[in-house]
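Below, each chain spelled out in residue letters.
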Amino acid sequence: MAEVTAGVMRRQAALAGLLAWSTTLPAWAASVPAVLSQPALLTPKALGAATLAVARAGDRLVAVGERGTVLLSDDHGASWRQAQVPVQASLTAVCFADARTGWAAGHLGVILHSVDGGATWQKQLDGVQAAELVKQAAQRSGNAEAVAQAQRLVEEGADKPFFDLEFMDAQRGFAVGAYNLMFATTDGGKTWEALGPRLPNPKSLHLYGVRARGRTLVVAGEQGLLLRSTDGGASFNAMASPYKGSFFGLLQTRGGALVAYGLRGTAYRSTDEGQHWDKLNTGLPMAVGAGMALPNGGFVLLSQAGDALVGAADGLALKRIPAREPVPVSGAALAADGGLVLASLRGMRRMELPAH
């Protein structure tokens, strides 16, 4: 279980320490944690707090992080201000379907929804509700082992975090997290369906990344776990993995190629929806903690030390851009002006990519 404590969250560098806090709370099983009903504190210190993910909402940038912090920038990351958030649970993922409609997810099974570009948020799901949905799905499956696992989830309470979000549009989306948590929505998050009981994941390994294209979903996780659905999530198959260590994230390029990345500088690329994988030579000894697709069909990976690795759309070679400041990067987004904006344990940063 060394990998669990060293890098259980999707962004290994940012979330390893936070997991110890979120998975040692059995006393909360009897009630909903107070932080799920208390709004995030509005404080100048939030501007320098640990941020764990960032996404574009039109021309706006929206970053999320510890204690429910959400930061907004309308000047390409030059300055930030804090948004109103109804919870104090740390947020690990953020995703926007358009300039106004987005979601954030994180600790204690929380999923939040925004319809104003991230300025305000409403809670759609929490860990108590999520556990009950898993139990209901397990009971429908008729699998006694799945029912027993779901019952334990209910008894343990709202202590399981989400790690990643994927929305194809304003209605259809997926969330994945610790201990085989996977949920789907077809109505913008008004209702959620638990998919975990149908996953071929008998060890309940953590799910760190999910990407969708058409009706094909690919999930990457702990101990090299790779799962795929070709029917929109109705069923899943386990795929042969090229790596036995943990994948901490999964990105999809404009052309549909998948890149899975994780421990010890590991990165693999697939051009056939995960059936076959080619190893990328990152030259890094430390974990790759974040990645994103580029408009030209390429992609960029970010290391735990803040180095950037830029990949082309049609090759396996990576161009390394050394970090000017060695900060653990946990998320990345491309600003409207072309600058690379980074979420890190020391707040938000900008990096300029070479012309391409």
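No experiment lies behind these values; they were computed from the predicted model shown.

Draft legend 1. Spotlight on the overall build of the protein chain. Looking only at helices and strands, one finds 4 helices and 27 strands in the protein chain. Here the protein chain has a C-alpha radius of gyration of 18 Å; the compact-globule value for 356 residues is 21 Å, and the two agree. In terms of principal-axis extent, the alpha carbons of the protein chain reach across some 55 × 45 × 35 Å. For the protein chain, buried positions account for 59% of its 356 residues. Of the contacts formed within the protein chain by residues at least 6 apart in sequence, a portion of 47% connects residues at least 24 apart. Of the charged side chains in the protein chain, 32 are positive and 28 negative; the average position of the first set lies 3 Å away from that of the second.

Draft legend 2. Region of the structure containing the layout of surface pockets. As a volume, the largest pocket reaches approximately 1100 Å³. E166, R211, Q252, M292 and A293 are the residues nearest the centre of the largest pocket, which is lined by 39 residues in total. Listed by contribution, the elements that provide at least two residues to the lining of the largest pocket are β1 (51-57), β5 (91-96), β9 (162-167), β13 (207-213), β17 (247-252), β21 (288-293) and β25 (329-334). For the lining of the largest pocket, the leading source of residues is β1, giving 5 residues.

Draft legend 3. Representation of the pattern of salt bridges. For the structure shown, the criterion picks out 14 salt bridges. Between K160 and D159 there is a salt bridge, with its nearest N and O atoms 2.6 Å apart. One continuous salt-bridge network, built from bridges that share partners, spans R60, D74 and R81.

Draft legend 4. A look at the sheet that holds strand β26 (residues 340-344). Sheet architecture is open: 3 strands sit in the order β25-β26-β27, paired in antiparallel fashion. Looking along the sheet, the strands with just one partner apiece sit at the ends: β25 and β27 (347-351). When the angles between neighbouring strand axes are averaged without regard to direction, this sheet yields 25 degrees. Judged from the 5 bridges that link them, β25 and β26 form a sheet pairing that is antiparallel. In the strand pairing of β26, L334 is matched with L340.

Draft legend 5. Inspection of the side chain of T51 at higher detail. With respect to the helices, strands and loops of the structure, T51 is situated in strand β1. By relative accessible area, which is 1% here, T51 ends up buried. Beyond its immediate chain neighbours, meaning those up to four positions away, T51 contacts V64, G65, L71, S330, A343, S344, L345, G347 and M348.

Draft legend 6. The arrangement of the packing of aromatic side chains in detail. All told, the structure shown has 9 aromatic pairs when counted by the stated rule. The interplanar angle of 35 degrees and the centroid separation of 6.3 Å between the aromatic rings of Y243 and Y268 together place this pair among those described as tilted. Here Y268 lies in strand β19 (residues 267-270) and Y243 lies in the loop between β16 (237-238) and β17, a separation of 25 residues in the sequence. Classification of Y268 as buried rests on a relative accessible area of 8%.

Draft legend 7. Representation of the sheet that holds strand β2 (residues 60-65). Strand order in this open sheet of 4 strands is β1-β2-β3-β4, and the pairing throughout is antiparallel. Edge strands, defined here as strands with exactly one partner in the open sheet, are β1 and β4 (81-82). Alignment of strand β3 (residues 70-73) against β4, held across 2 bridges, turns out to be antiparallel. Looking at the pairing, L71 lines up with Q82 of β4.

Draft legend 8. Summary view of the confidence of the model for the protein chain. In this model, the protein chain carries a mean pLDDT of 89, and residues with pLDDT of at least 70 account for 91%. Here residues 1-30 scores under 50 on pLDDT; set against residues more than four positions off or in separate chains, the count is 77 contacts.

Draft legend 9. Local environment of empty space enclosed by the protein. Counted by the stated rule, this structure contains 2 cavities of 30 Å³ or more. For the largest cavity, the calculated volume is near 60 Å³. In this structure, the largest cavity is lined by G109, G127, A130, A131, L153, G157, A158, D159, K160 and L181. If you tally residues by element for the lining of the largest cavity, the top one is helix α3 (residues 127-141), at 3 residues. Residue composition of the lining of the largest cavity, by class: 5 nonpolar, 3 polar and 2 charged. Approximately 40 Å³ is the volume attributed to the second largest cavity. Along the walls of the second largest cavity sit R211, A212, R213, T216, L217, V218, Q252, L258 and E273, which together make up its complete lining. Mapped by element, the contributors of at least two residues to the lining of the second largest cavity are β13 and β14 (216-221). Among the residues forming the lining of the second largest cavity, the class breakdown is 4 nonpolar, 2 polar and 3 charged.

Thresholds applied
Residues numbered from 1 in each chain as written. Predicted model: local features only at pLDDT ≥ 70, side-chain atom pairs only at ≥ 80, totals over all residues. Heavy atoms only, no water. Helix = DSSP H or I, 4+ residues; strand = E, 2+ residues; numbered from the N terminus. Rg over C-alpha atoms; globule rule 2.2 N^0.38 Å. Buried < 20%, exposed > 50% of the residue type's maximum accessible area, 1.4 Å probe, protein only. Contact = heavy atoms within 4.5 Å. Lys, Arg positive; Asp, Glu negative; His and termini not counted. Charge placed at Lys NZ, Arg CZ, Asp CG, Glu CD. 1 Å grid on protein atoms, 1.4 Å probe; cavity = no way out; pocket = protein on both sides within 12 Å on 5 of 7 lines; lining within 4 Å. Points joined across faces, edges and corners; volume = space filled by probe spheres on them. Salt bridge = Lys/Arg side-chain N within 4 Å of Asp/Glu carboxyl O. Pairing = 2+ DSSP bridges. Axes fitted to C-alpha atoms, helices over the stretch in contact; angles between N-to-C directions. Phe/Tyr/Trp six-rings, centres within 6.5 Å; stacked < 30°, edge-to-face > 60°. pLDDT = per-residue confidence, 0-100. Nonpolar A, V, L, I, M, F, W, Y, C, P; charged D, E, K, R; others polar.

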